[in-house]
Amino acid sequence: MLYVTGEPVLSLPAPALARQDLPFWAWRIRIIGRALRSAAAQGDRIRTTTPRVPRAPLAARPSCRFSPPKVPSPGEARGLGTRLCDASSAWGDMALSLGRLSTGPCWRAAWGGRGELRALSRRSTARPICRPPGTAGTEQSRGLGHGPTARGGPWPGTGLAAALGGLVGLAAAAAFGHVQRAEMVPKSSGARSPSPGKPEEEDELARRCKCFMALPVTDLRELRRRPGDMKTKMELLILETQAQVCQALAQVDGAASFSVDRWERKEGGGGISCVLQDGRVFEKAGVSISVVHGNLSEEAAKQMRSRGKTLKKTKDGKLPFCAMGVSSVIHPKNPHAPTIHFNYRYFEIEEADGNKQWWFGGGCDLTPTYLNQEDAVHFHRTLKEACDQHGPDLYPKFKKWCDDYFFIAHRGERRGIGGIFFDDLDSPSKEEVFRFVQSCAQAVVPSYIPLVKKHCDDSFTPQEKLWQQLRRGRYVEFNLLYDRGTKFGLFTPGSRIESILMSLPLTARWEYMHSPSENSKEAEILEVLRHPRDWVH
């Protein structure tokens, strides 16, 4: 049925759709073309409905990914009706081709398989439902090509009827810019291929991947083969954390967007670096994940042994390892909005006897340019709540560790006002430590985003901007001289330097013998950096 401004223009009941005589269809195509051309010219509302038709099995259908719709100009919209009307003269040549196309994946993807295509609202666009990191959603978004299978057997004229339904529906909807283009994703990518013996709708991994900034580094078939393995669980956690943080930051900035840079490591593995630069709120925000494996370099092994690790090389003198993590540093433009850093990682090393050593590390810390008591309390209290879910002794222990770790020895001050930090965490059990890391990762957005929203539009003076640049200089000094993650990356063969140095700000400043005035706001923050405080008691 074709409606224009609520009035039926043409009705095609099911028996008529089974007809394959070309004069019958040519006459109706001409009517539809005229109606669409007239409606597009007058801005009328168009709706089409078509019967349900059988579809191919799920395994035979390609996956689809949404991309923004293209809205045609008024001239283009009128041209759609004109072309459709003119097409009736060539209908004899088109009929057979359209009949074949109707059984193909592209028409089914565009048609949705639901037997209905409506050009009524831009808001009808399906979007993935993203969940907090580490949680599995019970709802699923329904994209193109995911409608219920039609009931009943095949019709004699199914191919021709489906072609007409798809042609009319697409033309009507496109005239008002309400159809999104479906990009076909090659099945080799593994983006949406269902697990063996499991319907696509029930594939939790495919649903989770819809929310990521990019597909996992590890092939999806490998992840499906080992769903309970810690490497699989940790990779999915860092991908979810990356996506949720990027989405929250982009929403706050409102102007710039993240560039997504997928890279591969020749020695094994790769990563995904997401960077936003020169936005309205953020000068530079980077959120990167890496999943690498290979043989540990001698420098990296030496660094680990200095922390008390006992590493036994294999007979060939190698130390196979696997490491993965998410790392982020966010530098706002406004001096009153603080910088944040977080990192959560997992390591496995296989020794000569086949034994595997494993541990987790990570943390989250805040570096304000100026002290705001309320901000400090909010940040630390949010981290404490995450830690307290797993033991009352964790926050005090990891808070002190953070104050000690981020100490710039040659300056005699901390990099910021702290947070939590831990490394080589391998007890009480792998699952319990993972759940703790998961809770910490979920605390990043609520601990930080409210602070940025609060201060991103604060007024500031040139002097305050200068002080921000000087503090960023201290940030650079710590990262290049003391940070374990930076040093490990620089010492690991095949590491991606751009991603390692992503934490550095776009701008920083060093002045000879700079010293703030007594009792100034600058002197206040320096006092806290030299003598850490308890923010939650």
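Please read these numbers as outputs of a predicted model, since none were measured by experiment.

(A) Seen up close, the overall build of the protein. Along the backbone of the protein there are 18 helices and 15 strands. In the protein, which comprises 537 residues, the share counted as buried stands at 52%. When contacts within the protein are restricted to residue pairs at least 6 apart in sequence, those whose partners lie at least 24 apart make up 75%. As displayed, the protein has an accessible area near 25100 Å², and 53% of this comes from carbon and sulfur atoms.

(B) Layout of the pattern of salt bridges. Evaluation of the coordinates by the stated rule reveals 26 salt bridges. The residue K430 makes a salt bridge to E348 at a minimum N-O spacing of 3.9 Å. Note that K430 is positioned in helix α13 (residues 430-442) and E348 in strand β11 (residues 339-350), a separation of 82 residues in sequence. Where R484 meets D423, a salt bridge forms, and the shortest distance between an N and an O atom there is 2.7 Å. With a gap of 61 residues between them, R484 in helix α16 (residues 484-491) and D423 in strand β15 (residues 418-425) connect regions that are remote in the sequence. Owing to a relative accessible area of 25%, R484 belongs among the partly exposed residues under this scheme. Judged by relative accessible area, which is 6%, D423 ranks as buried. A single salt-bridge network, built from bridges that share partners, covers D229, K231, E348 and K430.

(C) Molecular detail of a nonpolar patch on the surface. On the surface, L490, F491 and I497 cluster together into a nonpolar patch covering about 250 Å² of accessible area. With respect to the secondary-structure elements, L490 resides in helix α16.

(D) Structural context of the pairing of strand β8 (residues 269-277). Burial analysis of β8 places seven of its nine residues in the buried class, the great majority of the element. Note that strand β7 (residues 259-264) and β8 share six bridges and pair antiparallel. Its bridge partner being in β8, E264 is matched across the sheet by G270. Sheet topology places β8 next to strand β9 (residues 282-295); nine bridges connect them, and they run antiparallel. If you follow Q277 over to β9, its bridge partner there is K284. Between β8 and β9, which pair antiparallel one after the other, the connecting turn spans four residues, and D278 there sits at a positive phi close to 55°.

(E) How the structure looks around the sheet that holds β15. The seven strands are arranged β7-β8-β9-β10-β11-β12-β15 in an open sheet whose pairing can be described as antiparallel. Edge strands, defined here as strands with exactly one partner in the open sheet, are β7 and β15. Put simply, the sheet's adjacent strands are angled 5° from each other on average, direction ignored. Examined bridge by bridge, β9 and strand β10 (residues 320-332) share 13 bridges and lie antiparallel to one another. From the neighbouring strand, G294 faces β10, where its bridge partner is F321. Docked against the sheet, helix α9 (residues 230-253) engages β8, β9, β10, β11 and β12 (356-367), running at close to 170° with respect to β9. Contacting β9, β10, β11 and β12, helix α14 (residues 444-455) crosses the sheet at an angle of about 160° to β11.

(F) View of the nonpolar core. Ranked by size, the top nonpolar core spans 75 residues in total, and within it L249, F282 and Y344 carry the most contacts. In terms of residue count, the dominant contributor to this core is α9 (11 residues). Among the nonpolar cores identified, the runner-up in size contains 12 residues, and A300, A301, M304 and I349 belong to it.

(G) Up close: empty space enclosed by the protein. Tallied over the entire structure, the rule returns seven cavities of 30 Å³ or more. Along the wall of the largest cavity there are 43 residues; nearest its centre are S327, N343, G485, T486 and F488. Elements with a minimum of two residues in the lining of the largest cavity: β9, α10 (298-305), β10, β11, β12, β15, α16 and α17 (497-500). Ranked by the residues each element gives to the lining of the largest cavity, the list is headed by β10, at six residues. Looking at side-chain class alone, the lining of the largest cavity contains 18 nonpolar, 17 polar and eight charged residues.

(H) Spotlight on the environment of R509. By the element assignment, R509 lies in the loop between α17 and α18 (521-530). R509 sits 37 residues away from R472 along the chain, and the two C-alpha atoms are 7.1 Å apart. R509 has contacts with L466, Q469, L470 and G473, leaving out every residue within four places of it along the chain. Only 2.8 Å separates the side chain of R509 from the side chain of E511, close enough to count as a polar contact.

(I) Representation of the side chain of K284. Following the sequence through the fold, K284 ends up in strand β9. Buried within the structure, K284 lacks any salt-bridge partner; E498 is the closest side chain of opposite charge, at an N-O distance of 6.9 Å. Here L504 takes part through its backbone oxygen, which lies 2.8 Å from a polar atom of the side chain of K284.

(J) Just unusual backbone geometry, in detail. The residue after S427, namely P428, is reached through a cis peptide bond having omega 10°. Here P428 shows up in the loop between β15 and α13. Despite not being glycine, D424 has its phi angle at roughly 55°, a positive value. Inspection of the secondary structure assignment puts D424 in strand β15. For N519, which is not glycine, the phi dihedral falls at a positive 60°. Within the secondary structure layout, N519 lies in the loop between α17 and α18.

(K) A look at the packing of α13 against α14. For the pair α13 and α14, interaxial distance at closest approach is 4 Å and the crossing angle is 15°. Relative to α14, the element α13 is oriented roughly parallel. Contacts from C440, A441 and Q442 in α13 reach V444, V445 and P446 in α14. Split into classes, the residues belonging to the contact of α13 with α14 amount to five nonpolar, one polar and no charged.

Conventions we followed
Numbers given for residues are sequential positions, taken from 1 along each chain in its written order. Whole-chain, interface and lining totals are the exception, using all residues; otherwise, since this is a predicted model, local features are given only for residues with pLDDT of at least 70 and side-chain atom pairs are given and counted only at 80 or more. Excluding hydrogens and water, the side-chain figures rest on all heavy atoms present in the structure. Put simply, DSSP marks the helices as runs of H or I at least four residues long and the strands as runs of E at least two long, and each gets a number from the N terminus on. Exposure categories follow from relative accessible area, calculated using a 1.4 Å probe and restricted to protein chains: below 20% of the type maximum is buried, above 50% is exposed, and the middle band is partly exposed. Every residue pair with non-hydrogen atoms within 4.5 Å of one another is taken to be in contact. Only the protein chains shown count as cover for residues, with accessible areas throughout obtained via the Shrake-Rupley method and a probe of 1.4 Å. Any carboxyl oxygen of Asp or Glu that lies within 4 Å of a side-chain nitrogen of Lys or Arg is treated as forming a salt bridge with it. Within the patch definition used here, like charges are joined within 9 Å and nonpolar side chains (Val, Leu, Ile, Met, Phe, Trp, Tyr) within 5 Å, considering only residues with over 30% relative accessible area and no salt bridge. When DSSP locates at least two bridges between a pair of strands, those strands are taken to pair. Axis angles are defined between N-to-C directions and span 0 to 180 degrees, where every axis is a line fitted to C-alpha atoms and, for a helix, only to the segment in contact. Side-chain atoms within 4.5 Å link the members of a nonpolar core, which is a set of buried Ala, Val, Leu, Ile, Met, Phe, Trp, Tyr and Cys residues. Using protein atoms alone on a 1 Å grid, points that fit a 1.4 Å probe yet trap it form a cavity, whereas open point sets bounded by protein on both sides within 12 Å along at least five of seven lines form a pocket; residues with an atom within 4 Å of a point count as lining. Grid points are joined across faces, edges and corners, and a volume is the space filled by probe spheres set on the points. Nonpolar residues are Ala, Val, Leu, Ile, Met, Phe, Trp, Tyr, Cys and Pro. Charged residues are Asp, Glu, Lys and Arg, and all others, Gly as well, are polar. In protein, a polar contact means a hydrogen-donor-capable atom and an acceptor-capable atom, both N or O and within 3.5 Å, with residues adjacent in sequence counting only if both atoms are side-chain atoms; elsewhere, any N or O pair within 3.5 Å suffices. The charge count treats Lys and Arg as positive and Asp and Glu as negative. His and the chain ends do not count. Small angles under 35 degrees read as roughly parallel and large ones over 145 as roughly antiparallel, with 65 to 115 read as roughly perpendicular and the rest as oblique.

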